[in-house]
Amino acid sequence: QVQLVESGGGLVQPGGSLRLSCAASGTIFSIYAMAWYRQAPGKQRELVAAITSGGSTNYADSVKGRFTISRDAAKITMYLQMNGLKPEDTALYYCNADIVVPGTYTPFNYWGQGTQVTVSS
């Protein structure tokens, strides 16, 4: 079974930094695009940043210049470096990925369970 597991969340003061990780595990043939989403209480889930298998990235306007998305060389672990954190960045951050498992040719979309990021003084 394929799993996405996030880590690295926590409580940080405004202006601080955190680095989130998302590790994919299980029987995986290939991973296409990966992305970070977040959902704050009472709000809809929103895209934070995305990265393709080729390394192309895109960011929500609200995080441009502060957050950096990346993948490791094996392309099964994704990171989100978050600098200059603001209280409005407080949310549950989810990992998302399009994954092809052996024996299939169509990527399926998977979600992690989320990791909480709280920015507060």
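Residues numbered from 1 in each chain as written. Predicted model: local features only at pLDDT ≥ 70, side-chain atom pairs only at ≥ 80, totals over all residues. Heavy atoms only, no water.

A.B. asks: Would you take a moment to explain the environment of Val119 for this structure?
C.D. replies: Within the secondary structure, Val119 is located in strand 11 (residues 115-119). Once the C-alpha coordinates of Val119 and Pro107 are considered, the two residues, twelve residues apart in sequence, prove to be 35 Å apart. Sequence-distant contacts of Val119, defined by excluding residues within four places in its chain, comprise Val12, Gln13, Pro14, Leu85, Lys86, Pro87, Asp89 and Thr90. (Helix = DSSP H or I, 4+ residues; strand = E, 2+ residues; numbered from the N terminus. Contact = heavy atoms within 4.5 Å.)

A.B. asks: Mind showing me how you'd approach the state of the cysteines here?
C.D. replies: By definition, a disulfide links the sulfur atoms of two cysteines through a covalent bond. Per the counting criterion, the structure on display carries one disulfide. The side chain of Cys22 participates in a disulfide bridge whose partner is Cys95; the two sulfur atoms lie 1.9 Å from each other. Between Cys22 and Cys95 the sulfur-sulfur dihedral comes to about -65 degrees; the bridge is accordingly left-handed. Residue Cys22 is found in strand 3 (residues 18-25), and its partner Cys95 is found in strand 9 (residues 91-100); the two are separated by 73 residues along the sequence. There is no split in this pair, since Cys22 and Cys95 are both buried. (Disulfide = S-S within 2.5 Å. Buried < 20%, exposed > 50% of the residue type's maximum accessible area, 1.4 Å probe, protein only.)

A.B. asks: Quick question: what am I supposed to make of the sheet that holds strand 1 (residues 3-7) here?
C.D. replies: For sheets, the rule is that strands pair by backbone hydrogen bonds, running either parallel or antiparallel. The strand order across the open sheet built from four strands is 1-3-8-7, with neighbouring strands paired in antiparallel fashion. The open sheet is flanked by strand 1 and strand 7 (67-71), the only strands paired with a single partner. Put simply, the sheet's adjacent strands are angled 15 degrees from each other on average, direction ignored. (Pairing = 2+ DSSP bridges. Axes fitted to C-alpha atoms, helices over the stretch in contact; angles between N-to-C directions.)

A.B. asks: What should I look at first to understand the nonpolar core in this one?
C.D. replies: In this structure, Trp36, Leu80, Met82 and Tyr93 are the most contacted members of the largest nonpolar core, which totals 30 residues. Of all the secondary-structure elements, those providing two or more residues to this core are strand 3, strand 4 (30-39), strand 5 (46-51), strand 7, strand 8 (77-82), strand 9 and strand 11. The dominant element in this core, judged by the number of residues it contributes, is strand 9, at five residues. If we ignore the near neighbours within four places in the chain, the residues touching Tyr93 are Glu6, Leu20, Trp36, Tyr37, Arg38, Val48, Phe67, Leu80, Met82, Gly114, Thr115 and Val117. (Core = buried A, V, L, I, M, F, W, Y, C linked by side-chain atoms within 4.5 Å.)

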